[in-house]
Amino acid sequence: MKVLVVGSGAREHAIAHALLKGESVEEVTVAPGNPGIAADGIQTANISQSDHDALIKFVKDNNYDFAFIGPEVPLMNGIVDNFEAHGIAAFGPNKAAAQIEGSKDFAKKLMARHNVPTASYKTFDALEPARAYVLEHGAPIVIKADGLAAGKGVTVAMDEQTAVDALDDIFVDHRFGQAGAKVVIEEFLQGQEFSLMSFVSGTDFWVMPISQDHKRAYDGDKGPNTGGMGAYSPVPQISDETVQRAIDEIVRPTVEGLAKEGTPFTGVLYAGLIDTATGPKVIEFNARFGDPETEVVLPRLTSDFGAAIWDILQHKNPTFTWKDSGVTLGVIIASEGYPGTLVTGTPLPQIPVDENQGQHVYYAGVKSDEESGKLLTSSGRVALVQVHGDDVKDAQNNVYSILNKLNLPHMFFRHDIASKALK
């Protein structure tokens, strides 16, 4: 088969890499992709993920069998609806079902209707009542822009002033534009977070191994929220019983609820969860693979990825098998200043990984230097270095033995990815 992957980051690099590992897929193109993906021997096409008409023409002209939609923005903009209207199979939710990520208020109301455990909340569309609610309830409290904000629209405020500042950011400074037209204010939940992703087709779903992302920019979970600084899978401190409860009490009622309400979901449903004293609860839903979780979960897949996705698109029962030993760990290299004002244009050194040991580099924010051909940093998250290990400590030793030898001017990475598993 021939597959088009839509997107440009490390997540799409990992999806393409996993597709090509299986016997069923002989050709993958990532659009628009990036020069790091191309350097890995994967084809790229310089077509914007927002240009649905050009992507449709590319698929038809080149006889691709299906498209895999990576990022959230084209999903919210109805790319799957557009592809399907032209007879193209596309893996991802349609615009109506993608609202589970596109609007936190939509997701909260869905959960309330189907008794899915989550933090108590209230939605506001103006500053003053939101500010009054914060001052009434006190801190810690969580402020979320309702719409898409590239993983940066959430403030976990440990004091009232931080919460009020976050509201000013949204309503006064309009930092998130239309995504901040409404704000969801939630109770603060305590516990270890984990990500549970599932392949979904209507009311059927197939769960993946759990993973744990690290959202804060700096070691010790300090600094601002980012799109994610690293991840690992599985998560030994989250019990099998907790995962099963999450499947039964969260994933199943959510996918069945979406189908029952006329918005059946096809694609990857990401449940960002927290293991509280009273059981797992939902922090957020995404309508696609998480990033960087994808880069540590998909390398654990031992079956044919493309064949399974094709089976789902054909309404057949897919086969997914996973590595059941060891730990897969990935650390993000980010540009100086991320997630704020960035320093970019810095040459990225060659990163020595051993493919035979299951190691890989997945590229995100890179461009090519026209003169030297070298990769230069071009956005916040630059690349992810992924390794395997016998256990968490072994995986940490493997990844940091690579990273600590690199010369990375105007870049940084966290030194404590997966350390929560060792406490």
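Residues numbered from 1 in each chain as written. Predicted model: local features only at pLDDT ≥ 70, side-chain atom pairs only at ≥ 80, totals over all residues. Heavy atoms only, no water.

Our focus in this paragraph is the overall build of the protein chain. Scanning the protein chain from N- to C-terminus turns up 13 helices and 23 strands. Taking 423 residues into account, the globule formula puts the C-alpha radius of gyration at 22 Å, and the protein chain, at 21 Å, falls close to it. The principal-axis extent of the C-alpha atoms belonging to the protein chain is close to 55 × 50 × 40 Å. Per-residue burial over the protein chain gives 56% buried out of 423 residues. Long-range pairs, those at least 24 residues apart, make up 68% of the contacts in the protein chain between residues at least 6 apart in sequence. Distance between charge centres in the protein chain, computed from 35 positive and 55 negative side chains, equals 2 Å. (Helix = DSSP H or I, 4+ residues; strand = E, 2+ residues; numbered from the N terminus. Rg over C-alpha atoms; globule rule 2.2 N^0.38 Å. Buried < 20%, exposed > 50% of the residue type's maximum accessible area, 1.4 Å probe, protein only. Contact = heavy atoms within 4.5 Å. Lys, Arg positive; Asp, Glu negative; His and termini not counted. Charge placed at Lys NZ, Arg CZ, Asp CG, Glu CD.)

Bringing the layout of surface pockets into the picture now. Of the voids in this model, the second largest pocket is the one considered here, and its volume is about 290 Å³. Looking at the second largest pocket, it is lined by 15 residues, and the ones nearest its centre are Ala39, Gln350, Ile351, Tyr363 and Leu375. Listed by contribution, the elements that provide at least two residues to the lining of the second largest pocket are α2 (35-39) and β19 (360-363). Taken together, the residues that form the lining of the second largest pocket break down as eight nonpolar, four polar and three charged. (1 Å grid on protein atoms, 1.4 Å probe; cavity = no way out; pocket = protein on both sides within 12 Å on 5 of 7 lines; lining within 4 Å. Points joined across faces, edges and corners; volume = space filled by probe spheres on them. Nonpolar A, V, L, I, M, F, W, Y, C, P; charged D, E, K, R; others polar.)

Applying the stated rule across the entire model yields 21 salt bridges. Residues Arg288 and Glu101 are paired through a salt bridge, measuring 2.7 Å at the closest nitrogen-oxygen approach. Highlighted residues: Arg288 in the loop between β17 (279-286) and α11 (294-297) and Glu101 in helix α6 (residues 99-102), separated in sequence by 187 residues. Each member of the pair, Arg288 together with Glu101, is buried. The partner of Glu128 in a salt bridge is Arg131, and the shortest N-O contact between them spans 3.8 Å. In this pair, Glu128 and Arg131 both sit in helix α8 (residues 127-137), three residues apart, roughly one turn of the helix. We classify Arg131 as partly exposed; its relative accessible area is 23%. Through salt bridges with shared partners, a single network forms among Arg11, Glu12, Glu72, Glu101 and Arg288. (Salt bridge = Lys/Arg side-chain N within 4 Å of Asp/Glu carboxyl O.)

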